[in-house]
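Here are the chains, one letter per residue:
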Amino acid sequence: MKYVVRAIKYFIWFALILTLTMVIMAALGLVDPKPELMFREGMKSVWQIAILFAVLAFVYPMTGFRKQDAIIPGDYSQIRDKVVNFMESRGYGLETEEGEDMTFRLNSKIGRAMKMFEDRVTFTRSAQGFRLEGLRKEIVRLISGLEYIFRNETEDNYSKS
(Lines give C-alpha, C1' and ligand atoms only; values in the text may rest on other atoms or scores of the structure.)
Protein backbone atom coordinates (compact mmCIF):
# COMPACT_ATOMS: atom_id res chain seq x y z
CA MET A 1 0.00 0.00 0.00
CA LYS A 2 2.88 2.35 0.85
CA TYR A 3 4.31 1.77 -2.63
CA VAL A 4 1.02 2.67 -4.35
CA VAL A 5 0.69 5.87 -2.30
CA ARG A 6 4.24 6.87 -3.24
CA ALA A 7 3.58 6.17 -6.93
CA ILE A 8 0.41 8.32 -6.85
CA LYS A 9 2.30 11.14 -5.10
CA TYR A 10 5.01 11.09 -7.76
CA PHE A 11 2.48 11.06 -10.59
CA ILE A 12 0.79 14.13 -9.11
CA TRP A 13 4.20 15.78 -8.54
CA PHE A 14 5.29 15.20 -12.16
CA ALA A 15 1.97 16.46 -13.50
CA LEU A 16 2.13 19.54 -11.26
CA ILE A 17 5.64 20.42 -12.41
CA LEU A 18 4.66 20.10 -16.09
CA THR A 19 1.48 22.11 -15.55
CA LEU A 20 3.32 24.91 -13.74
CA THR A 21 5.98 25.00 -16.44
CA MET A 22 3.40 25.22 -19.21
CA VAL A 23 1.36 27.90 -17.36
CA ILE A 24 4.48 30.02 -16.89
CA MET A 25 5.46 29.59 -20.54
CA ALA A 26 1.94 30.51 -21.68
CA ALA A 27 1.87 33.54 -19.33
CA LEU A 28 5.17 34.75 -20.79
CA GLY A 29 3.80 34.29 -24.33
CA LEU A 30 6.35 31.61 -25.23
CA VAL A 31 3.65 29.08 -26.21
CA ASP A 32 -0.01 29.24 -27.13
CA PRO A 33 -2.19 28.33 -24.11
CA LYS A 34 -4.42 25.97 -26.13
CA PRO A 35 -3.27 22.32 -25.89
CA GLU A 36 -4.09 21.79 -29.57
CA LEU A 37 -1.48 24.41 -30.46
CA MET A 38 0.87 23.92 -27.51
CA PHE A 39 1.64 20.30 -28.36
CA ARG A 40 2.42 18.86 -31.79
CA GLU A 41 -0.40 16.31 -31.62
CA GLY A 42 -2.73 18.30 -29.38
CA MET A 43 -4.64 16.38 -26.69
CA LYS A 44 -3.17 13.08 -27.91
CA SER A 45 0.21 14.36 -26.71
CA VAL A 46 -1.24 15.21 -23.30
CA TRP A 47 -2.40 11.61 -22.88
CA GLN A 48 0.99 10.30 -24.04
CA ILE A 49 2.72 12.51 -21.48
CA ALA A 50 0.31 11.31 -18.77
CA ILE A 51 1.12 7.68 -19.61
CA LEU A 52 4.85 8.45 -19.50
CA PHE A 53 4.41 10.10 -16.08
CA ALA A 54 2.43 7.09 -14.84
CA VAL A 55 5.24 4.73 -15.87
CA LEU A 56 7.89 6.94 -14.24
CA ALA A 57 5.80 7.31 -11.09
CA PHE A 58 5.39 3.54 -10.91
CA VAL A 59 9.14 2.86 -11.31
CA TYR A 60 10.61 5.67 -9.21
CA PRO A 61 9.66 4.33 -5.74
CA MET A 62 11.61 1.14 -6.58
CA THR A 63 14.78 3.12 -7.26
CA GLY A 64 14.31 6.17 -5.04
CA PHE A 65 14.02 4.39 -1.68
CA ARG A 66 16.32 1.88 -0.04
CA LYS A 67 17.40 0.03 3.08
CA GLN A 68 21.09 -0.03 3.92
CA ASP A 69 23.21 -0.97 6.92
CA ALA A 70 25.35 1.55 8.78
CA ILE A 71 28.26 0.02 10.66
CA ILE A 72 28.21 1.70 14.06
CA PRO A 73 30.08 -0.20 16.75
CA GLY A 74 29.02 -0.05 20.37
CA ASP A 75 26.20 -0.64 22.77
CA TYR A 76 22.93 1.17 22.07
CA SER A 77 23.16 3.17 25.29
CA GLN A 78 26.61 4.42 24.24
CA ILE A 79 25.74 5.43 20.68
CA ARG A 80 22.12 6.59 20.95
CA ASP A 81 22.82 10.21 21.96
CA LYS A 82 25.48 10.64 19.29
CA VAL A 83 23.12 9.32 16.60
CA VAL A 84 20.33 11.66 17.76
CA ASN A 85 22.75 14.64 17.86
CA PHE A 86 24.03 13.79 14.39
CA MET A 87 20.51 13.60 12.98
CA GLU A 88 19.56 16.88 14.67
CA SER A 89 22.61 18.54 13.10
CA ARG A 90 21.25 17.38 9.73
CA GLY A 91 17.85 18.96 10.39
CA TYR A 92 16.01 15.84 11.57
CA GLY A 93 14.08 15.46 14.80
CA LEU A 94 13.40 12.24 16.69
CA GLU A 95 9.84 11.22 15.91
CA THR A 96 9.54 7.86 17.68
CA GLU A 97 11.71 5.50 19.67
CA GLU A 98 10.65 1.93 20.31
CA GLY A 99 13.27 -0.14 22.10
CA GLU A 100 16.44 0.32 20.07
CA ASP A 101 14.65 1.43 16.88
CA MET A 102 14.26 5.13 16.05
CA THR A 103 12.41 7.17 13.46
CA PHE A 104 13.39 10.69 12.41
CA ARG A 105 11.56 13.35 10.37
CA LEU A 106 12.76 16.62 8.91
CA ASN A 107 12.08 19.61 11.16
CA SER A 108 11.53 22.01 8.25
CA LYS A 109 7.99 22.05 6.85
CA ILE A 110 9.33 23.35 3.53
CA GLY A 111 11.91 20.56 3.37
CA ARG A 112 9.23 18.00 4.13
CA ALA A 113 6.95 19.41 1.43
CA MET A 114 9.78 19.42 -1.12
CA LYS A 115 10.23 15.71 -0.46
CA MET A 116 6.46 15.19 -0.68
CA PHE A 117 6.40 14.24 3.00
CA GLU A 118 8.56 11.17 2.26
CA ASP A 119 11.26 12.48 4.59
CA ARG A 120 11.08 9.78 7.27
CA VAL A 121 14.31 7.92 8.07
CA THR A 122 13.94 4.73 10.07
CA PHE A 123 16.80 3.29 12.14
CA THR A 124 16.35 -0.40 12.93
CA ARG A 125 18.93 -1.95 15.23
CA SER A 126 21.08 -4.64 13.58
CA ALA A 127 24.13 -6.66 14.61
CA GLN A 128 26.55 -4.19 12.99
CA GLY A 129 24.76 -1.01 14.06
CA PHE A 130 21.59 0.15 12.33
CA ARG A 131 19.67 -0.54 9.15
CA LEU A 132 18.49 2.78 7.72
CA GLU A 133 15.44 3.07 5.48
CA GLY A 134 14.34 6.13 3.51
CA LEU A 135 15.08 8.18 0.40
CA ARG A 136 18.12 6.73 -1.36
CA LYS A 137 20.26 9.86 -1.54
CA GLU A 138 19.50 10.83 2.06
CA ILE A 139 20.34 7.34 3.32
CA VAL A 140 23.68 7.36 1.50
CA ARG A 141 24.58 10.78 2.94
CA LEU A 142 23.51 9.90 6.47
CA ILE A 143 25.31 6.55 6.54
CA SER A 144 28.46 8.14 5.22
CA GLY A 145 28.36 10.81 7.94
CA LEU A 146 27.49 8.40 10.74
CA GLU A 147 30.20 5.90 9.83
CA TYR A 148 32.75 8.71 9.53
CA ILE A 149 31.94 10.03 13.02
CA PHE A 150 31.97 6.62 14.68
CA ARG A 151 35.04 5.38 12.77
CA ASN A 152 37.05 8.44 13.86
CA GLU A 153 35.88 8.00 17.43
CA THR A 154 36.92 4.33 17.42
CA GLU A 155 40.33 5.21 15.95
CA ASP A 156 40.80 7.90 18.63
CA ASN A 157 40.04 5.35 21.37
CA TYR A 158 42.64 2.93 19.95
CA SER A 159 45.31 5.64 19.63
CA LYS A 160 44.82 6.68 23.29
CA SER A 161 45.40 3.10 24.52
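For the structure, check the block above.
Residues numbered from 1 in each chain as written. Predicted model: local features only at pLDDT ≥ 70, side-chain atom pairs only at ≥ 80, totals over all residues. Heavy atoms only, no water.

Regarding helix H4 (residues 76-89)
If you check H4, its first and last C-alpha atoms are 20 Å apart, about what 14 residues at 1.5 Å a residue would give, namely 20 Å. Phi turns positive one or two residues past the end of H4, at Gly91, with a value near 90°. (Helix = DSSP H or I, 4+ residues; strand = E, 2+ residues; numbered from the N terminus. Expected span 1.5 Å × (residues − 1).)

Comments concerning the environment of Glu138
Mapped onto the elements, Glu138 comes out in helix H6 (residues 136-160). Taking C-alpha positions, Glu138 is 10.0 Å from Arg120, a pair spaced 18 residues apart along the chain. When neighbours within four sequence positions are excluded, Glu138 is seen to be in contact with Tyr92 and Lys115. At a separation of 3.0 Å, a polar atom in the side chain of Glu138 contacts the side chain of Tyr92. (Contact = heavy atoms within 4.5 Å. Polar contact = N/O pair within 3.5 Å; in protein donor to acceptor, adjacent residues only side chain to side chain.)

Focus: the pairing of strand E2 (residues 92-98)
Bridging between E2 and strand E3 (residues 101-106) involves six bridges; their strand directions are antiparallel. Paired with Thr96 across the bridge in E3 is Thr103. Here E2 hands over to E3 after two residues, with Gly99 in that stretch at a positive phi of 65°. (Pairing = 2+ DSSP bridges.)

Thoughts on the packing of helix H1 (residues 2-27) against helix H3 (residues 43-64)
The geometry of H1 relative to H3 is characterised by a closest axis approach of 8 Å and an angle of 135° between their N-to-C directions. Regarding the angle of H1 to H3, the classification is oblique. In terms of crossing hand, the pair formed by H1 and H3 is right-handed. Together, Tyr3, Arg6, Ala7, Tyr10, Phe11, Phe14, Ala15 and Leu18 of H1 and Ile49, Ala50, Phe53, Ala54, Leu56, Ala57, Phe58, Val59, Tyr60, Pro61 and Met62 of H3 make up the contact between the two elements. (Axes fitted to C-alpha atoms, helices over the stretch in contact; angles between N-to-C directions. Parallel < 35°, antiparallel > 145°, perpendicular 65-115°, else oblique. Left-handed = near helix turned anticlockwise from the far one by under 90°.)

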